[in-house]
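Listed below are the residues making up each chain.
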Amino acid sequence: MTMDALADSTTLRTRAIATRSSFYLAMRILEPPRRDAMFAIYAFCRAVDDIADDEGDRAVRRAALDQWRADLDELYAGRIRARVSFLSEPVRRFRLERADFESVIEGMAMDVEEDICAPDWEKLELYCDRVASAVGRLSVRAFGLAEEEPGAECDLPTGPKLLAYHLGRALQLTNILRDLDEDAARGRLYLPREALESAGVMSFAPHAVLSNPSLEEVCAPVLSRAREHYDQADLVMAGLPKRAVKAPYLMAAGYRSILDNLAARGFSAPRAPVRASRLKLVSAFLRHAFT
């Protein structure tokens, strides 16, 4: 197989994985190299997330994450193993940081070590940084928000770094509110301990919390904080090159609509599934896809 054919095959595999993402449309509007880099980043995140969500033996799952660490070590040393070959070109072209991939793995390791249940805000912040904002730091490079000088080290400028910080947290907090029942089925509850205690909820067992009449009060500060992060992300994007923020604008629009729909639905049982507003997605697409 020629190198071009191999590259095409890799892209097809990562694209097939990315079609399952809520962000597929946002990735599709990027220029081909950036789009393919985002497909690869998502494929990596999907692979390690599947390990975290597996219900098998924790020691086996730890070992699986350690193998990804070892594969990344080899990749960044110039020895490319087959399993991570799909990351080789994005890492080279956009200088994706090893530390950010490691942060994502560390976030997944938090779920492997224990079924997280009512973390305090500090622990939840760390979790969000690892599983979401670290992905944002990888993504803003693929979007074109860092100078591309092959072979040179490049720290993220303040704007892109803040975008990754705020949008990553906004998206993850939205996920937490959307996936309450799915997480509870795994024995997990990501609602912050302080919010539970403030609402007078003293049992942190996931299903007990989800049936508590004070659940709306518990979710309110999480919803409010997510809105604040979306607002801050919008402010940051307003000051960045339009061509480079079309994908994150679309991601934010879709997920903000999920948050709005969650707020309108409420959190008392029964909780009907909530999806992004198609109208808001189309509107955001028309505003930003052709900039």
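The shown structure was predicted, so the numbers you read here are calculated from the model rather than taken from an experiment. (Residues numbered from 1 in each chain as written. Predicted model: local features only at pLDDT ≥ 70, side-chain atom pairs only at ≥ 80, totals over all residues. Heavy atoms only, no water.)

## Section: the overall build of the protein chain
Alright, step 1. In terms of regular secondary structure, the protein chain is built from 14 helices and zero strands.
Alright, step 2. Going from N to C terminus, the protein chain has its helices and strands arranged as α-α-α-α-α-α-α-α-α-α-α-α-α-α.
Alright, step 3. Since a compact globule built from 291 residues should have a radius of gyration of about 19 Å, the 19 Å found for the protein chain is in line with a globular shape.
Alright, step 4. The principal-axis extents of the C-alpha atoms in the protein chain amount to approximately 60 × 45 × 30 Å.
Alright, step 5. For the protein chain, the proportion of its 291 residues judged to be buried stands at 51%.
Alright, step 6. When the accessible surface of the protein chain is split by element, carbon and sulfur atoms take 54% of a total near 13,700 Å².
Alright, step 7. Averaging the coordinates of the 40 positive side-chain charges in the protein chain and doing the same for the 44 negative ones gives two points 5 Å apart. (Helix = DSSP H or I, 4+ residues; strand = E, 2+ residues; numbered from the N terminus. Rg over C-alpha atoms; globule rule 2.2 N^0.38 Å. Buried < 20%, exposed > 50% of the residue type's maximum accessible area, 1.4 Å probe, protein only. Areas by Shrake-Rupley, 256 points an atom, 1.4 Å probe, with all protein chains shown as cover. Lys, Arg positive; Asp, Glu negative; His and termini not counted. Charge placed at Lys NZ, Arg CZ, Asp CG, Glu CD.)

## Overview of the side chain of Arg137
Alright, step 1. The residue Arg137 is located in helix α7 (residues 121-143) in this model.
Alright, step 2. Among residues more than four places away in sequence, those in contact with Arg137 are Asp100, Ser103, Asp129, Leu156 and Ala164. (Contact = heavy atoms within 4.5 Å.)

That's the geometry; what it means functionally is another story.
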